Amino acid sequence: MTEEIPFYSFDYQNQQVREEVQQALLEVFDSAWYVLGERVLKFEKEYAAYIGVKHCIGVGNGLDALKISLKALGIGKGDEVIVPANTYIATVLAISETGARPVLVDPDPNTFNIDTAKIALHITTRTKAILPVHLYGLPCDMDGIIDLANRHGLFVIEDNAQATGSVYKGRKTGSFGHVNAHSFYPTKNLGCLGDGGAITTNDDHLASQARMLRNYGSEIKYKNELPGYNSRLDEIQAAVLSAKLPYLDQWRNEKAKLVEAYREGLSGIQQIRLAGKEIDAVLHSHHLFVVKCSHRDALAAYLKTQGVNTMIHYPIPVYRQQAYGSAGFDFHDYPITETLTPEVLSLPLYPGMKQEQVARIVSLIREFIF
C-alpha cells in the first residue's frame, strides 16, 4: 500500500510539547483567569525577547495584528499603503478595513518578495506606509525598503505571518518596521491551537495604542480612549505558545535540512524552478517549500495519485478576487504575479518529516517530468 504523505502534520511537534502543553492548560484552567492574565504577559515578554524588540502585544489573529498595526499608525481614508500583489488576501483586507487604498506591487521574479525598485515607482503624495510580506519565510530586502521609507517619510509595517524565526542581517524579521504583525495560526512556524496573533514594536506610544485598540480602546476598565476592537490573545493560546517557543529554532533547523534535500534532489531539472532565491545574509525560516512548474496542475494531480498532498499558495491573486472586483485593479499591471500564480506549487514540509519522504517526492517529480 502506498504511504500517504500529508501536506502538513502536527504529530511530531505535538509529541515533543505534549506534557508541557497539558500542564500549562491545566494551570490556566485552575487559575480561573482566562483573558489578559499572567500567561499572556509571560508570552508577550518571551516573544518580544525572541524577536528582539521592546514590546509584544498579543491579539486575536494575524489579520487583526495587521489591522491594529495600521490603526495605531493613524492610517485611514485617503491614505495609500504599498503591499505585494502576490500576498494572501488578509494583508490587503487589513488595509481596506482602515479605509486606506491598497497599492499592489509586483514581486521580484527571483525572490518572489515585493520588488523594492517597483515600490519606488508607486510612491505618491498619498502614500503613508510600505507593508512588505516575508513570503514563504524568506526575508524581504529590508535595507532597501527601510531606505525608501526614510527618504519619503513613510511608515513600515512588516507582515511576519510566515516568517517567525527568519533572520535578516543578524536581526529577526518582525523587528524592522515601526510596528509589525505576526500570526500564530496552527500551521505557522510558531502555531497555537486555534487563532492567535501578535504585534511587535520598539515604539512605546505605538505599543500603548495597540494595547488599547485590542481591548475596546481601553487600558483602564470602563475607560475607553479609542474606538477599539475585541481582539485579545487568550490565556490558553498564550500558554501553548510559551510551551512551543523554545523549540522554534530547532524546528526551523530541521526543516532547513529537508529543504536542502529537496534542492539537491530537484537540481538540474529545467522544468522545475525553486521559489524564493535567498539574498545575502538571511536565514530563511522555510514556512513553505514552493516550486514553480509550467505543468503545475498535472504535477499536483499526479502526486495526489501517489499519495502526496500538495497545496497552492495562492490560486487566485487579490486583484482577481470578487471581493475586490470594484477596486479598479488591472491584471495587466502585475505580469510577474500573473506568471507565478498558475505555476507555483507548495510541497510537503513540516517538523518531523523524514528525509525518506522527501526522497520519495523528488523521485515522483522526476518520474513525472521525465
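Presented here is a report on the structure given in the accompanying data block.

Here is what the cut-offs are and how they apply
- Residues numbered from 1 in each chain as written.
- Predicted model: local features only at pLDDT ≥ 70, side-chain atom pairs only at ≥ 80, totals over all residues.
- Heavy atoms only, no water.
- Pairing = 2+ DSSP bridges.
- Helix = DSSP H or I, 4+ residues; strand = E, 2+ residues; numbered from the N terminus.
- Axes fitted to C-alpha atoms, helices over the stretch in contact; angles between N-to-C directions.
- Contact = heavy atoms within 4.5 Å.
- Parallel < 35°, antiparallel > 145°, perpendicular 65-115°, else oblique.
- Left-handed = near helix turned anticlockwise from the far one by under 90°.
- Nonpolar A, V, L, I, M, F, W, Y, C, P; charged D, E, K, R; others polar.
- Disulfide = S-S within 2.5 Å.
- Phe/Tyr/Trp six-rings, centres within 6.5 Å; stacked < 30°, edge-to-face > 60°.
- Buried < 20%, exposed > 50% of the residue type's maximum accessible area, 1.4 Å probe, protein only.
- Polar contact = N/O pair within 3.5 Å; in protein donor to acceptor, adjacent residues only side chain to side chain.

Regarding the sheet that holds strand β5 (residues 155-159)
The strand order across the open sheet formed by seven strands is β1-β9-β8-β5-β4-β2-β3, and the pairing between neighbours is mixed. If you trace the sheet from one side to the other, it starts and ends with β1 (55-59) and β3 (101-105), each paired once. Here the strands of the sheet are splayed against their neighbours by 25° on average, with no regard to which way each runs. Two elements, strand β8 (residues 179-183) and strand β9 (residues 197-201), share four bridges in a ladder whose sense is antiparallel. Paired with A181 across the strands is I199, a residue of β9. The strands touched by helix α7 (residues 204-214) are β1, β8 and β9; relative to β1, the strand with the most contacts, the crossing angle is about 15°.

Focus on the packing of helix α2 (residues 38-51) against helix α8 (residues 235-244)
Contact pair α2 / α8: the axes reach a minimum separation of 8 Å and the direction vectors enclose 40°. Compared by their axis directions, α2 and α8 come out oblique. Between α2 and α8 lies a crossing whose hand is left-handed. Across the interface between the two elements, E38, R39, V40, K42, F43 and E46 of α2 pack against E235, A238, A239, L241 and S242 of α8. Residues of the contact of α2 with α8, tallied by class, amount to five nonpolar, one polar and five charged.

Let's talk about the sheet that holds strand β13 (residues 282-283)
Across the sheet, which stays open at both edges, the three strands sit in the order β7-β6-β13 with antiparallel pairing between neighbours. The strands lining the two open edges of the sheet, one partner per strand, are β7 (171-172) and β13. Bridge analysis of strand β6 (residues 167-168) against β13 gives two bridges, and the strand direction is antiparallel. Each residue of the ladder has a partner; that of Y168, found in β13, is V282.

Focus on the state of the cysteines
With the rule as written, the count across this model stands at zero disulfides. The thiol of C192 is unpaired, and the distance to the nearest cysteine sulfur, on C56, comes to 12 Å.

Description of the packing of aromatic side chains
For the structure shown, the criterion picks out 13 aromatic pairs. A ring pair is formed by Y168 and F176, whose centres lie 5.6 Å apart and whose planes are at 80°; its orientation type is edge-to-face. What makes Y168 buried here is its relative accessible area of 2%. An aromatic cluster is present here, built from F43, Y47, Y50 and F184 joined pairwise through their rings.

Here's the deal with the environment of D64
Within the secondary structure layout, D64 lies in helix α3 (residues 62-72). When near neighbours in sequence (up to four residues on either side) are disregarded, D64 contacts V59 and S231. Only 2.7 Å separates the side chain of D64 from the side chain of S231, close enough to count as a polar contact.

Observations concerning the environment of T124
Within the secondary structure, T124 sits in the loop between α5 (116-121) and β4 (127-130). Here T124 falls in the partly exposed class, since its relative accessible area comes to 33%. Between the C-alpha atoms of T124 and A49, which are 75 residues apart in sequence, the distance is 36 Å. A distance of 2.9 Å separates a polar atom in the side chain of T124 from a polar atom in the side chain of E80.

Quick word on the packing of helix α9 (residues 248-266) against helix α12 (residues 355-369)
When two helices pack together, their arrangement is captured by the angle between the axes and the distance separating the axes. Following both chains from N to C, one finds α9 and α12 inclined at 25°, their axes separated by 9 Å at the closest point. Relative to α12, the element α9 lies roughly parallel. The handedness of the crossing between α9 and α12 is right-handed. In this structure, α9 uses K257, L258, A261, Y262, G265 and L266 to contact α12, whose residues at the interface are Q355, V358, I361, V362, I365 and R366. Taken together, the residues of the contact of α9 with α12 sort by class into eight nonpolar, two polar and two charged.

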